[in-house]
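Below are the chains, spelled out letter by letter.
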Amino acid sequence: MEGDCLSCMKYLMFIFNFFIFLGGSFLLGVGVWVLLDPMGFREIVAANPVLFTGVYVVLAMGSMLFLLGFLGCCGAIRENKCLLFFFFMLILFIFLAELAAATLAFLFREHLTREYFSRELKRHYQGHNSTDVFTSTWNAIMATFRCCGVSGPEDFEESLFRLLSPSKMVPEACCQGNDYPGDVGVEQCVSGSMVFRHNQGCYSAMVDYFEMYIYTAGALAIVVLTIELFAMVFAMCLFRGIQ
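Residues numbered from 1 in each chain as written. Predicted model: local features only at pLDDT ≥ 70, side-chain atom pairs only at ≥ 80, totals over all residues. Heavy atoms only, no water.

Some details on the state of the cysteines
Consideration 1: Taken as a whole and assessed by the stated rule, the structure comprises 3 disulfides.
Consideration 2: Across a sulfur-sulfur distance of 2.0 Å, Cys 147 and Cys 202 are joined as a disulfide pair. Its torsion about the S-S bond being 90°, the disulfide of Cys 147 and Cys 202 is classed as right-handed. With a gap of 55 residues between them, Cys 147 in the loop between α6 (133-145) and α7 (160-164) and Cys 202 in helix α9 (residues 202-241) connect regions that are remote in the sequence.
Consideration 3: For Cys 147, a relative accessible area of 0% translates into the label buried.
Consideration 4: There is a disulfide in this structure between Cys 148 and Cys 174, and the S-S distance comes to 2.1 Å. Taking the sign of the S-S torsion, 80° for the link of Cys 148 and Cys 174, the bridge is right-handed. With Cys 148 in the loop between α6 and α7 and Cys 174 in the loop between α7 and α8 (184-190), this residue pair connects regions lying 26 residues apart in the sequence. (Disulfide = S-S within 2.5 Å. Helix = DSSP H or I, 4+ residues; strand = E, 2+ residues; numbered from the N terminus. Buried < 20%, exposed > 50% of the residue type's maximum accessible area, 1.4 Å probe, protein only.)

In structure tokens:
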């Protein structure tokens with residue numbers, strides 16, 4: 001009876017680690033996908049150092065889960081106590097690190113607010129033809145999401161952009177015809193015409209676009225944490241059951 005229970009636990013351990021392996025593969029794939037710059041995502045993420053660093057965190061966590069899933073599967077099948085204990089300690093470390101990361105994200109959530117991005121845009125955005133990294137990133141965001149400013153075109157009032165270009169109300173990146181700089185509509189847009197510009201703020205546009213993915217990522221995180229908990233329980237039970 002004990003042997004049957006141990007055998008069942010061993011295969012359950014293998015299954016759970018296989019799911020960890022798949023989760024790590026997914027995170028690793030997402031991190032590599034973003035770094036390969038599909039559709040300008042690297043420029044979008046680079047708008048905030050916290051988000052850009054998060055890509056490398058996803059890569060690191062994906063790589064570690066990939067390795068742990070592989071080692072956990074091997075440890076369960078081979079019934080190796082040393083490998084199982086090593087796996088348990090590493091998965092516990094990752095679990096605690098994920099909880100710490102979630103706590104830090106909650107504590108520093110003010111850095112991802114609409115007000116924070118508006119303040120940074122007013123201070124650092126220079127204009128359509130600037131080679132500055134911050135400015136070119138925001139130009140890419142406004143062109144990609146067909147938006148203007150963070151909350152709207154009013155973000156450019158009393159900004160560095162208006163000091164550098166006092167004759168323009170908004171940059172060319174806000175205009176509906178920004179692909180054609182010589183177009184009459186663009187000239188009217190930068191002069192203040194609401195007809196030829198995008199009036200939605202980029203914060204709302206990006207939240208609407210990524211809303212589905214945010215909930216998916218949150219659900220995936222809960223699933224991964226649950227699987228990690230079960231994996232630790234099965235690893236310790238299997239460790240104690242091996243003679």
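What about the nonpolar core?
Consideration 1: In this structure, Tyr 125, Trp 138, Met 142 and Phe 156 are the most contacted members of the largest nonpolar core, which totals 24 residues.
Consideration 2: The element best represented in this core is α6, accounting for 5 residues.
Consideration 3: Contacts of Phe 156, omitting those with residues within four sequence positions, involve Leu 121, Tyr 125, Met 142, Cys 148, Gly 149, Phe 161, Arg 162, Met 169, Val 170, Pro 171 and Cys 174.
Consideration 4: Counting 23 residues, the second largest nonpolar core, distinct from the first, contains Leu 68, Leu 84, Ala 231 and Phe 234. (Core = buried A, V, L, I, M, F, W, Y, C linked by side-chain atoms within 4.5 Å. Contact = heavy atoms within 4.5 Å.)

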